[in-house]
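Residues per chain, in single letters:
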Amino acid sequence: MHLQITRRLVLAGASSSVALFLAGCQSADLSLAEGDGASRAAADEVARARGRNGLSRLAPDGKLEAAAIEQAGYMAASGKMEHTALRGRDFETRIRARGIATPAAENLAHGRFDIAGVVDIWMNSPPHRRNMLDPRFESFGLGYAPGADGRNYWAMVLGA
């Protein structure tokens, strides 16, 4: 397990354009591979949430996706759900290092749920909902990583 997480972190950090996701659909099977297909699989779910609020669809973005996978991997490795990554790198530092423009936002979660479940949890949490419904955002990346505690650690990065 530790080897899988370490390998994923190395791959995710190797290039901003690394696409570690499989082509997915809304009912993506999380057992296929950690994080694979999460952004594309979540696109319709996120579009429905935004559409119910009169907002446009967000496009999956590879650069945001890589940042989300990296953060999910850090959280899974540490067993902590927090915006500060390993080595004390906060969200602003991480996105700047990846060349992600602002405004940007990050939603985090952990638990034993699927894509629809994590989107639902975020839409029912005022600060996370505010991020997902921010009209400035046009794209997003979603990633997750399994933790040793049996929960998936989720990260969504939203960008303009």
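The structure contained in this document is the topic of the report that follows. Source: prediction; values computed, not measured.

**A look at the overall build of the protein chain**
Part 1 of the reasoning: When helices and strands are counted, the protein chain shows six helices and four strands.
Part 2 of the reasoning: Going from N to C terminus, the protein chain has its helices and strands arranged as α-α-β-α-α-β-α-α-β-β.
Part 3 of the reasoning: Across the 160 residues in the protein chain, those meeting the buried criterion constitute 47%.
Part 4 of the reasoning: When contacts within the protein chain are restricted to residue pairs at least 6 apart in sequence, long-range pairs at least 24 apart make up 64% of them.
Part 5 of the reasoning: Total accessible area on the protein chain is roughly 7,500 Å²; 53% of this is exposed by carbon and sulfur atoms.

**Digging into the environment of Asp-149**
Part 1 of the reasoning: Within the secondary structure, Asp-149 sits in the loop between strand 3 (139-146) and strand 4 (152-159).
Part 2 of the reasoning: For the pair Asp-149 and Ala-76, spaced 73 residues apart in sequence, the C-alpha to C-alpha distance is 8.6 Å.
Part 3 of the reasoning: Within the structure, Asp-149 has its side chain in polar contact with the side chain of Arg-151 (distance 2.7 Å).

**Description of the sheet that holds strand 3**
Part 1 of the reasoning: If you walk across this open sheet you meet the four strands as 1-3-4-2, and the pairing is mixed. In this open sheet, the two edge strands, each paired with only one partner strand, are strand 1 (59-60) and strand 2 (104-111).
Part 2 of the reasoning: Bridging between strand 1 and strand 3 involves two bridges; their strand directions are parallel. Its bridge partner being in strand 3, Pro-60 is matched across the sheet by Phe-140.
Part 3 of the reasoning: Across the face of the sheet, helix 2 (residues 38-51) comes into contact with strand 1, strand 3 and strand 4 while running at roughly 125 degrees to strand 3.
Part 4 of the reasoning: Together, strand 1, strand 2, strand 3 and strand 4 form the strand contacts of helix 3 (residues 62-78), whose direction differs from that of strand 3 by roughly 25 degrees.

**Comments concerning the packing of aromatic side chains**
Part 1 of the reasoning: Evaluation of the coordinates by the stated rule reveals two aromatic pairs.
Part 2 of the reasoning: Relative to Trp-154, the ring of Phe-113 has its centre 6.4 Å away and its plane inclined at 20 degrees; by these criteria the two rings are stacked. One end of the pair, Phe-113, is in the loop between strand 2 and helix 5 (115-123); the other, Trp-154, is in strand 4, and 41 residues separate them in sequence. The two residues Phe-113 and Trp-154 agree in class, both being buried.
Part 3 of the reasoning: Note on Tyr-144 and Trp-154: the rings are 4.9 Å apart at their centroids and 35 degrees apart in plane angle, and the pair reads as tilted. Here Tyr-144 is found in strand 3, whereas its partner Trp-154 is found in strand 4, with 10 residues between them in sequence. The two residues Tyr-144 and Trp-154 agree in class, both being buried.
Part 4 of the reasoning: Each member of the aromatic cluster is reached from another via a ring pair, and the members are Phe-113, Tyr-144 and Trp-154.

**Here we look at the nonpolar core**
Part 1 of the reasoning: Membership of the largest hydrophobic core comes to 24 residues, with the highest contact counts inside it found for Val-46, Trp-122, Phe-140, Leu-142, Trp-154 and Met-156.
Part 2 of the reasoning: When contributions to this core are tallied by element, the ones reaching two or more residues are helix 2, strand 2, helix 5, strand 3 and strand 4.
Part 3 of the reasoning: Element by element, the count of residues in this core is highest for helix 2, at six residues.
Part 4 of the reasoning: Residues in contact with Phe-140, not counting those within four places in the same chain, are Ser-39, Ala-42, Ala-43, Val-46, Leu-58, Ala-59, Pro-60, Asp-61, Leu-64, Met-156, Val-157 and Leu-158.
Part 5 of the reasoning: Ala-72, Ile-100, Tyr-153 and Ala-155 belong to the second-largest nonpolar core, a separate cluster that totals 14 residues.

Calculation criteria
- Residues numbered from 1 in each chain as written.
- Predicted model: local features only at pLDDT ≥ 70, side-chain atom pairs only at ≥ 80, totals over all residues.
- Heavy atoms only, no water.
- Helix = DSSP H or I, 4+ residues; strand = E, 2+ residues; numbered from the N terminus.
- Buried < 20%, exposed > 50% of the residue type's maximum accessible area, 1.4 Å probe, protein only.
- Contact = heavy atoms within 4.5 Å.
- Areas by Shrake-Rupley, 256 points an atom, 1.4 Å probe, with all protein chains shown as cover.
- Polar contact = N/O pair within 3.5 Å; in protein donor to acceptor, adjacent residues only side chain to side chain.
- Pairing = 2+ DSSP bridges.
- Axes fitted to C-alpha atoms, helices over the stretch in contact; angles between N-to-C directions.
- Phe/Tyr/Trp six-rings, centres within 6.5 Å; stacked < 30°, edge-to-face > 60°.
- Core = buried A, V, L, I, M, F, W, Y, C linked by side-chain atoms within 4.5 Å.

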